[in-house]
Amino acid sequence: MTIMTAATTHAGLQAWVDEVAALTTPDQVVWSDGSDEEWQRLTQELVESGTFVKLDEDKKPNSFWAASDPSDVARVEDRTFICSAEPEGAGFTNNWKAPAEMKAIMTDLYRGCMTGRTMYVIPFVMGHLNADTPMYGVEITDSAYVVVSMKIMARIGTEVLRAMEATDAGFVKGLHSVGFPLPEGTADVKWPCSDTKYIAHFPETREIWSYGSGYGGNALLGKKCYALRIASAMARDEGWMAEHMLILKLTSPEGRTHYIAGAFPSACGKTNLAMIDPTLEGWSAEMVGDDIAWMRFGKDGRLYAVNPEFGLFGVAPGTGDHTNPNAMRTVEKGNSIFTNVALTDDGDVWWEGMTEQPPAHLTDWKGRDWTPDNGELSSHPNSRFCTPAKQCPMMAEEYDEPNGVPIDAILFGGRRKTTVPLVYETRDWNHGVFVGATLSSETTAAAVGQVGVVRRDPMAMLPFIGYNAADYVGHWLEIGKQADASKLPKIYQVNWFRRDVNEDGTAGKFLWPGFGDNARVLKWVIERLDGTGEGVDTPVGVVPAPGALDVSGLDMTDEDIAKALAVNADEWAVELGLIEEWLAKFGESLPTQMQDELATLKANLGQ
Ligand code: GTP
Ligand code: SPV
Ligand code: MN
């Protein structure tokens, strides 16, 4: 191994880097400077090693296609652990192991795991470098794919390192290895990874240890591991919020601006809503964030949200000119990495839903010939584009505002074929917290496991709450006590995914067109905030009164609109049972307000 000279004056960081290098025994240690030259060098190396295929410069400039190992395609929730000192610190929604036990297991795995590889050190900051408290992190990884992806997803490199040195700043330590050492005589593969996977979090010491996966949230440690799991624990201690939310700026035809945050589970429409192209005349939308929101109270007592990320790691399938033109315009500018989509014969990418007619021939995500008649998907359902946020043509200038934007409304959403109406308004903050805490959605390909089964996903944070879920609900209630009700965002539930029922009882077509037409729902929400939108009370909350939802120009019958908004007693009787079952899992530590809300819902439903 190369003898290292100190690369930083930050003694704590240098000591950790030396310690990890001694354990993992890489051939060399490289400090990522985040420069374009570094991007050029690493992407070139990734092309040479076969991990990347460079796309045609005229079609997608400075962009690359990658295909993962077919076993490494999504977050691995059953291999994800919150290693708090005590099991109660992790709660019933997380896997738990004692920190010392997990560290012993993983230290054995890490020993010599970077043999034959380069160890990269990536200084990064989530949120702004000039925030009041810059949120530093350092990821050590043996994957060049991770380094170039991190350059897109976070603010990284020398400027961050110098700022850390200047203040001897604390930082979140993220250690990542693909778990595929290369001793003498071992050949590398295009997508190194291991069958043994651990995504471990140590909330008390603000550390992340990840082993065995090279994909997405398992490996890009600034994202879910830091900005949600570790940050949610910090936020609990410090009185702020780290949430799985998009942030959207909407401007009405009169020129009035509102900011809306939305928590939908993985692959349930955050990126699409954040990039909405409103179908309503005169309305315009700008994106502030598409996946994560950090919210703090401002001096004026309102909740302000920042997007801590620098890039988008968006679901590719379903993204096309008719659904999300802004995403298409973003990736067309290039400087992007596409993983597990299909490759066209002329050096571009394609995925299901990009165009109505697929190309006549493709290389699918498994590297095989693909033709439209072969009956398989060309792209993995969790294939993704990784692209700089600033390339989005509708990026709000407020994205650069270190203190964020004041949130007027919070939407909770999910995929529900039945039961949950297109939109309804909650009575107050606590009712909104109840709706969030009992949020549910059909599972998607964003995590390994069964797809399409309804599960409860509190605030769309089930896989991301870095501590006990009962305390998390308590924290939300606490936040609600810190401000005047008039200053808190109003809370709504939405469901773009409700289906009609076929004659044979199976799920029929989507009742709501979704995408750009979701602006119609947002318009009603804003009218409610202004006190002008008409609503009718239902047992679950206020839904738009007949005629109150702007459906001008939509090809929808009154009957279909009524079906999309319906609160059906029989469906809610079943739902109530599921909600009760779910709340029982929290045990004694569930805040009593949730039982009060449940009692109200029951009474409203006449049960
Ligand atoms: P993560 O990045 O995993 O957190 O997902 P996300 O919440 O950002 O989901 P995204 O916006 O990428 O959407 C996931 C899938 O849902 C895509 O295939 C979209 O095409 C589809 N989708 C998004 N919005 C709508 C909608 O309004 N209606 C319908 N029918 N589908 C939608
Ligand atoms: C999600 O699964 O919610 C994502 C993708 O946003 S990943 O970064 O892989 O977690
Ligand atoms: Mn997400």
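As the structure is a computational prediction, the values presented were derived from the model and not from experiment.

(A) Up close: the coordination of the manganese ion (ligand 3). Around the manganese ion (ligand 3), the protein contributes the donor atoms Lys224 (NZ), His244 (NE2) and Asp291 (OD), which lie 2.2 to 2.3 Å from the metal centre. Of note, the donors binding the manganese ion (ligand 3) are all from one chain and are spaced K-x19-H-x46-D. With histidine 244 in the loop between β11 (241-243) and β12 (245-251) and aspartate 291 in the loop between β14 (284-289) and β15 (293-297), the pair connects residues that are 47 residues apart, well separated along the chain. Given the relative accessible area of 9%, aspartate 291 is considered buried.

(B) The arrangement of the site of ligand 1 in detail. Near ligand 1 you find 22 residues, and of these Ala267, Lys270, Thr271, Asn272 and Arg384 are the closest. Contact distances for ligand 1 include 3.4 Å between an oxygen atom and a side-chain N or O atom of histidine 244. Within the contact set of ligand 1, an oxygen atom lies 2.9 Å away from a backbone nitrogen or oxygen of phenylalanine 515. In the complex, the protein chains occlude 92% of the 660 Å² of accessible area that ligand 1 would expose alone. Elements with a minimum of two residues in the shell around ligand 1: α8 (270-274) and β17 (311-315).

(C) Representation of the environment of isoleucine 561. Summarising the element assignment, isoleucine 561 is placed in helix α13 (residues 558-565). With 511 residues separating them in the primary sequence, isoleucine 561 and glycine 50 have C-alpha atoms 51 Å apart. Not counting residues up to four positions away in its chain, the partners in contact with isoleucine 561 are Val551 and Met556.

(D) Inspection of the side chain of aspartate 408 at higher detail. Of note, aspartate 408 is situated in the loop between β24 (405-406) and β25 (409-413). Filtering out sequence-adjacent residues up to four positions away, aspartate 408 remains in contact with His258, Tyr259, Arg302, Pro489, Lys490 and Leu529.

(E) Up close: the site of ligand 2. As a structural note, the neighbourhood of ligand 2 is formed by Arg75, Gly216, Gly217, Lys223, Lys224, His244, Ser266, Asp291, Phe313, Arg384, Ala446 and Phe464. Between ligand 2 and the protein, one listed contact pairs an oxygen atom with a side-chain N or O atom of lysine 224 at 2.5 Å. Elements with a minimum of two residues in the shell around ligand 2: α6 (216-219) and α7 (222-238). Tallied by class, the residues present in the shell around ligand 2 amount to three nonpolar, four polar and five charged. A domain-level breakdown of the shell around ligand 2 finds at least three residues from each of domain 1 (2-52 + 69-238) and domain 2 (242-310 + 397-604).

(F) Structural view of the packing of aromatic side chains. The full count for this structure, using the stated rule, is 26 aromatic pairs. Centre to centre, the rings of phenylalanine 264 and tryptophan 496 are 6.3 Å apart; their planes meet at 85°, and the pair counts as edge-to-face. With phenylalanine 264 in the loop between β13 (257-263) and α8 and tryptophan 496 in the loop between β29 (490-494) and β30 (499-501), the pair connects residues that are 232 residues apart, well separated along the chain. Classification of phenylalanine 264 as buried rests on a relative accessible area of 1%. Looking at tryptophan 496, the relative accessible area reads 7%, which means it is buried. Chaining the aromatic ring pairs together yields one cluster made of Trp39, Phe52, Phe64, Tyr145, Trp191, Tyr215 and Phe313. Seen from the ring of phenylalanine 64, lysine 54 lies directly overhead, with NZ or CZ sitting 5.6 Å from the centre.

(G) Just helix α14 (residues 569-585), in detail. Here α14 spans 25 Å end to end across 17 residues, near enough to the 24 Å set by a 1.5 Å rise per residue. The complete set of buried residues in α14 reads Trp572, Glu575, Leu576, Ile579, Trp582 and Leu583. Projected down its long axis, α14 shows its buried positions confined to an angular sector of 130°, all on one face. Opposite its buried face, α14 presents the exposed residues Asp570, Val574, Glu581, Ala584 and Lys585, each directed more than 90 degrees away. Contacts from the buried residues of α14 go to β26 (423-425), α10 (429-437), β27 (440-442), β28 (454-456) and α15 (592-604). Once α14 finishes, glycine 587 follows within two positions and takes phi at roughly 70°, a positive value.

(H) Quick peek at the pattern of salt bridges. Within the structure shown, the criterion is met by 41 salt bridges. The closest approach of N and O atoms between aspartate 291 and lysine 223, which form a salt bridge, is 2.9 Å. Taken together, the residues span a long stretch of sequence, with aspartate 291 in the loop between β14 and β15 and lysine 223 in helix α7 at a distance of 68 residues. Note that lysine 270 and aspartate 291 form a salt bridge whose closest N and O atoms lie 3.8 Å from each other. Here aspartate 291 lies in the loop between β14 and β15 and lysine 270 lies in helix α8, a separation of 21 residues in the sequence. Here the residues in one salt-bridge network are Lys223, Lys224, Lys270, Asp291 and Glu309, joined through shared partners.

Criteria and cut-off values
Residues numbered from 1 in each chain as written. Chains lettered and ligands numbered in written order. Predicted model: local features only at pLDDT ≥ 70, side-chain atom pairs only at ≥ 80, totals over all residues. Heavy atoms only, no water. Donors = N, O, S within 2.8 Å, 3.2 Å for Na, K, Ca; no water. Helix = DSSP H or I, 4+ residues; strand = E, 2+ residues; numbered from the N terminus. Buried < 20%, exposed > 50% of the residue type's maximum accessible area, 1.4 Å probe, protein only. Near = heavy atom within 4 Å. Polar contact = N/O pair within 3.5 Å; in protein donor to acceptor, adjacent residues only side chain to side chain. Areas by Shrake-Rupley, 256 points an atom, 1.4 Å probe, with all protein chains shown as cover. Contact = heavy atoms within 4.5 Å. Nonpolar A, V, L, I, M, F, W, Y, C, P; charged D, E, K, R; others polar. Domains from an automatic or database assignment. Phe/Tyr/Trp six-rings, centres within 6.5 Å; stacked < 30°, edge-to-face > 60°. Lys NZ or Arg CZ within 6 Å of the ring centre and 35° of its normal. Expected span 1.5 Å × (residues − 1). Arc of directions from axis to C-beta. Salt bridge = Lys/Arg side-chain N within 4 Å of Asp/Glu carboxyl O.

The quantities given are spatial measurements derived from coordinates; they are silent on function.
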